Amino acid sequence: MTASMKVYLDNSATTLVAPEVIESMLPYFSGDIGNASSVHSFGQRAKAAVETARRQIAELIKAAPSEIVFVSGGTEADNLAIRGIAEAHSATGRHIITSAIEHPAVLATCEALESSGFRVTYAPVSSAGVVDPQQIREAIKDDTILVSIMQANNEIGTVQPLEEIGRFVRERRRAGASNLHFHTDAVQSAGKIPIDVDDLGVDLLSLTAHKFHGPKGAGALYVKKGTRLGKLFYGGHHERDRRPGTENVPGIVGLGRAADLAAQELSERSDRMRGLRNYLEDSLKQRLTDMKINGDGAPRLPNVSNVSFAGVDGESVLINLDLKGIAVSTGAACSSGSLEPSHVLKALALTKEEIRGSVRFSLGAFTTQAEIDYAIAVTVEAVKRLRELAPAAEESARASL
Amino acid sequence: MTASMKVYLDNSATTLVAPEVIESMLPYFSGDIGNASSVHSFGQRAKAAVETARRQIAELIKAAPSEIVFVSGGTEADNLAIRGIAEAHSATGRHIITSAIEHPAVLATCEALESSGFRVTYAPVSSAGVVDPQQIREAIKDDTILVSIMQANNEIGTVQPLEEIGRFVRERRRAGASNLHFHTDAVQSAGKIPIDVDDLGVDLLSLTAHKFHGPKGAGALYVKKGTRLGKLFYGGHHERDRRPGTENVPGIVGLGRAADLAAQELSERSDRMRGLRNYLEDSLKQRLTDMKINGDGAPRLPNVSNVSFAGVDGESVLINLDLKGIAVSTGAACSSGSLEPSHVLKALALTKEEIRGSVRFSLGAFTTQAEIDYAIAVTVEAVKRLRELAPAAEESARASL
Amino acid sequence: MYTKEVEDHLANPRNAGELIEPSGTGDVVNQVCNDRIRLTLHIVDGVITDAKFKASGCPPTVAAASVLTTLIIGQEIERAAQLSRNDVIAALVRLPPAKIHSAVLAIEALQGALDCINNREEVSGAKK
Amino acid sequence: MYTKEVEDHLANPRNAGELIEPSGTGDVVNQVCNDRIRLTLHIVDGVITDAKFKASGCPPTVAAASVLTTLIIGQEIERAAQLSRNDVIAALVRLPPAKIHSAVLAIEALQGALDCINNREEVSGAKK
Ligand SMILES: Cc1ncc(COP(=O)(O)O)c(C=O)c1O
Ligand SMILES: Cc1ncc(COP(=O)(O)O)c(C=O)c1O
């Protein structure tokens, strides 16, 4: 246990860029510059690199390269998918189905559509954090144009039953609902679990490089061949007219390389992370009382552990860990300035106290056993100390004004 | 004159990333990772770096840091400005004024607004490629909410009289037009000529890093304090709620550093580029007949030279130069697959033949005298050879089917 | 996010715990966020000779309680009674705007403890 | 964008120029884009013994004219007359879809030149 150890366990927020990925990007900063839309060979080399990345992303999710649209990140991908469908298909229907535990990139987009006349159904989740496919099936109406359900949740890591939902969507489509589309936000799952867009039955899938050891500023939207989609913004004819703007060549190259590495090492990375994550959870359970693993019992991503420690404040744990060099996150405290408790944990019907005591540990492909051992020791000590510091529950306190 | 020399003269399309800029970005790929919205110190270090970049950009254009919104590039910045104003102010008016020579990021956005009920005036330009401020003044009506005029054109480099237009806008505003806004696309001018947003009188200004030796995938929109602006897309509360999505920390850091370098070296770079550009033009004029410099006579960026060579095809010149390692562009040929001649050159009222023979040389801060000498020699040879290859004009040809 | 002072008081709380046979106890809870501070004091001859706190909640709440004890130990109760939330904030250098309530809670705990002493004034007066 | 073959014919055109006293001349212009090819041929005993071209326009047009001369020199005129745009494209390996008109123009220039020879058939027939 080194006091100066740096342990990054906030990989659900963002990840470090893998060395191979950085290396793949460097040539496109200064040597093979060139605008991928230019005719000359600088431009053509850039274009070739972009097309290689397109194949790599397509390979990761078993799509065709022509179905991949490069965008700036997960938020843009989600918006392009949802607003793109809303805009192109509003004539045939104005109903959208999503879940209560989506990322704000989906929820805020749906809310904005509500204020422009769309109807949105927010499907609830079980206490383990899983959507019920039957409820989605029942929610689909004649005017439903989009079902958008995330593949894995960013706070608790639960994996949603997309294949079943996809079957229901296809069933409805066969019964004539030709304008019904299925989108999934795979920002957390891409590169961590195997993805086959056809098996899932999705028409649209969002991902972003910085969640799987690629660079920030590069993401992709899978758009199934033949899908009519509006645009988020306007300009040149890049990306087959789906997304204008000079291509972020190094970013796209890095995204492709990160996808390639993730695909190659998928099961190896996932086994390692799952092993370490389970070890973390088992060790905490052995050494601490009154804790609960959120999303336990549901299928989960291999790298996420969201734990509620009774009687402590998540942010106080976070700061204590941070002071020892360990980065985690919490569903309790100010996220970007707002004091709202996480909508995801609320949707799980946790108690206020459980929400308050929640801490998310999220592992990356480079997380080591020594780091986890250190994190366990520091967490156990911090939680115990904070609990000792707390006034005994039986004593009664006067309400503050 | 080395046959294997590589000369990049397409800096209006994109530039190489300066070594200092690459260096500034590297720590944020793998060491100081962290999501700038996270509470822990990895996140706080990322946030500090983003705020430094914000100050650097603000300094470049003499704005306040809180007026800078980071986005993915110039196209997004233009769309956020124009659609943002349109959305937030459509209740008070639905008229927009722009020019005929804007970039597609502005023109296509305006056209999209036209199909949703806005009226757009496209101001013409003189044969030198300059907007007439009086025409803009007269075009402003009671329901005009936005004037969007680029600071410098990307094809011919002409600099527009923004200060005068800004004065007219302010005049109208003092006369009660409180919902009139002024946007400029400064994508080509930022880092090349001095910019002071207050002197220009603009409320919104777009720029993008990759045009001044920063990375692709990072841009900024200046939004004057107090300006009400709609959003392009929805998600978390990043960028003071103006632009959601995990901040592209390395990209933003690189953007800031590139701005910082450009500000420091502005007059030095611009003198060097202007000297080389003038030398290029003078040398070509000496050694070739029947050529015309487009935008000549108007104030121009120091780094751009757009030349029409009579009797040759711009793309044939381009490919000949490319085969000798020189990258330029043309306003004549397929741009991203479309065969339309450039709308900018058309707006200058050039002849079809002049448009066809146009070649844009655009210099960067790293362009050398030797490179320009080489480019002159190769261009002269290519143009002469292509002219010799052409059938004599007096002979009459039969029309093809 | 937080100042070094907040972080230091969170990591190394001063005077954590509970006094035995306190002269006064203040125990207050913020109904909105459930943050709680319990402060126990020893008073001898009108002077706070010792203070200990227990606290639960967000980092500034723990830090405010901890720093408060360092502000009051050795003080006359009249002067301690004049401490305001701003003194607590100043001792922590700065609190995020959304966390001012932590300093408020600390002051309320102090006032609670002092009120409780005033109510027993006769007793302590008798000791004199 | 363009194949090596297109680029090579543009950079190093084969048989550029104009024959003196040609047996036939084809000179065609594409009205849309103004691309033009002028082809001159020497015919001896029904065989194209020499060909030269002049061309202006986009790279594939120059390349198509250039490659065409290499396809026809040494050919009997009957066989040359059967050449199609696809033969020209094949000789350049590939053309972008938007540039097929260049190969069309080259074939039209050839046909123009051959038509012009047929019109003078008596003359060349007399020589036999
Ligand atoms: C599930 C999910 N969707 C969307 C996003 C948005 O991605 P980005 O921040 O790259 O825009 C994130 C991460 O922030 C996420 O976890
Ligand atoms: C004048 C102008 N505006 C906007 C843009 C769009 O910028 P970007 O391609 O970075 O989105 C460009 C360049 O492509 C430009 O030259």
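Residues numbered from 1 in each chain as written. Chains lettered and ligands numbered in written order. Predicted model: local features only at pLDDT ≥ 70, side-chain atom pairs only at ≥ 80, totals over all residues. Heavy atoms only, no water.

Caption draft 1: Region of interest: the environment of Glu315(A). Mapping Glu315(A) onto the fold places it in helix α12 (residues 314–323). Glu315(A) sits in the buried class, given a relative accessible area of 0%. Engagement of the side chain of Glu315(A) in a polar contact is seen with the side chain of Lys99(C), the distance being 3.3 Å. (Helix = DSSP H or I, 4+ residues; strand = E, 2+ residues; numbered from the N terminus. Buried < 20%, exposed > 50% of the residue type's maximum accessible area, 1.4 Å probe, protein only. Polar contact = N/O pair within 3.5 Å; in protein donor to acceptor, adjacent residues only side chain to side chain.)

Caption draft 2: Spatial organisation of the pairing of strand β6 (residues 181–185) of chain B. All names here are of chain B. Burial analysis of β6 places five of its five residues in the buried class, which makes it a mostly covered element. Residues His 181, His 183 and Asp 185 of β6 are buried on one face, and the alternating residues Phe 182 and Thr 184, pointing to the opposite face, are buried as well. Inspection of the sheet shows strand β5 (residues 144–148) paired to β6 by three bridges, in the parallel sense. Of the residues in β6, the one forming a bridge with Val 147 is Phe 182. The β-α-β motif built from β5, the intervening helix α7 (residues 162–174) and the parallel element β6 has right-handed crossover chirality. Note: β6 against strand β7 (residues 204–208), three bridges, orientation parallel. Across the sheet, residue His 183 finds its bridge partner in β7, namely Leu 204. (Pairing = 2+ DSSP bridges. Right-handed = clockwise from strand over helix to strand, strands pointing away.)

Caption draft 3: Structural context of the packing of helix α4 (residues 74–89) of chain B against helix α5 (residues 104–114) of chain B. Residues and elements named next belong to chain B. For the pair α4 and α5, interaxial distance at closest approach is 9 Å and the crossing angle is 30°. When the interaxial angle is binned, α4 and α5 end up roughly parallel. In terms of crossing hand, the pair formed by α4 and α5 is right-handed. Contact residues: α4 offers Thr 75, Asp 78, Asn 79, Ile 82, Arg 83 and Ala 86, while α5 offers Ala 105, Val 106, Thr 109, Cys 110 and Leu 113. Its residues assigned to classes, the contact of α4 with α5 shows six nonpolar, three polar and two charged. (Axes fitted to C-alpha atoms, helices over the stretch in contact; angles between N-to-C directions. Parallel < 35°, antiparallel > 145°, perpendicular 65-115°, else oblique. Left-handed = near helix turned anticlockwise from the far one by under 90°. Contact = heavy atoms within 4.5 Å. Nonpolar A, V, L, I, M, F, W, Y, C, P; charged D, E, K, R; others polar.)

Caption draft 4: A look at the sheet that holds strand β7 (residues 204–208) of chain A. All names here are of chain A. Across the sheet, which stays open at both edges, the seven strands sit in the order β2-β8-β7-β6-β5-β3-β4 with mixed pairing between neighbours. Two strands in the sheet have a free side with no partner beyond their single neighbour: β2 (68–71) and β4 (119–123). Neighbour-to-neighbour, the strand axes of this sheet turn through a mean angle of 20°, independent of strand direction.

Caption draft 5: Summary view of the packing of aromatic side chains. Per the counting criterion, the structure on display carries two aromatic pairs over all chains. With a centroid separation of 5.0 Å and an interplanar angle of 65°, the aromatic rings of Tyr8(A) and Phe42(B) are classed as edge-to-face. One end of the pair, Tyr8(A), is in strand β1 (residues 7–8); the other, Phe42(B), is in helix α3 (residues 41–61), on a second chain. The burial state of Tyr8(A) is the same as that of Phe42(B); both residues are buried. When the ring centre of Phe42(A) is taken as origin, the NZ or CZ atom of Arg45(A), which lies over that ring, is 5.3 Å away. Just above the ring of Phe118(A) sits the side chain of Arg94(A); from NZ or CZ to the centre is 4.7 Å. (Phe/Tyr/Trp six-rings, centres within 6.5 Å; stacked < 30°, edge-to-face > 60°. Lys NZ or Arg CZ within 6 Å of the ring centre and 35° of its normal.)

Caption draft 6: Summary view of the site of ligand 2. Close to ligand 2 lie 14 residues, the nearest being Thr246(A), Thr75(B), Asp185(B), Gln188(B) and Lys211(B). Residues within reach of ligand 2 are spread across chains A and B. Here an oxygen atom of ligand 2 sits 3.0 Å away from a polar atom, N or O, in the side chain of Lys211(B). Burial of ligand 2 by the protein chains amounts to 95% of its free accessible area of 380 Å². Sorting elements by how many residues they give to the shell around ligand 2 places α4(B) first, with three residues. (Near = heavy atom within 4 Å. Areas by Shrake-Rupley, 256 points an atom, 1.4 Å probe, with all protein chains shown as cover.)

Caption draft 7: Here's a closer look at the site of ligand 1. The environment of ligand 1 is formed by 14 residues, the closest being Thr75(A), Asp185(A), Gln188(A), Lys211(A) and Thr246(B). Neighbouring residues of ligand 1 are not confined to a single chain but are spread across chains A and B. In the environment of ligand 1, an oxygen atom lies 2.9 Å from a nitrogen or oxygen atom belonging to the side chain of Lys211(A). Surface burial for ligand 1 is 94%, taken as the share of its 390 Å² of free accessible area covered by protein chains. Considering each element in turn, the shell around ligand 1 owes the most residues, three residues, to helix α4 (residues 74–89) of chain A. Of the residues that constitute the shell around ligand 1, the class distribution is two nonpolar, nine polar and three charged.

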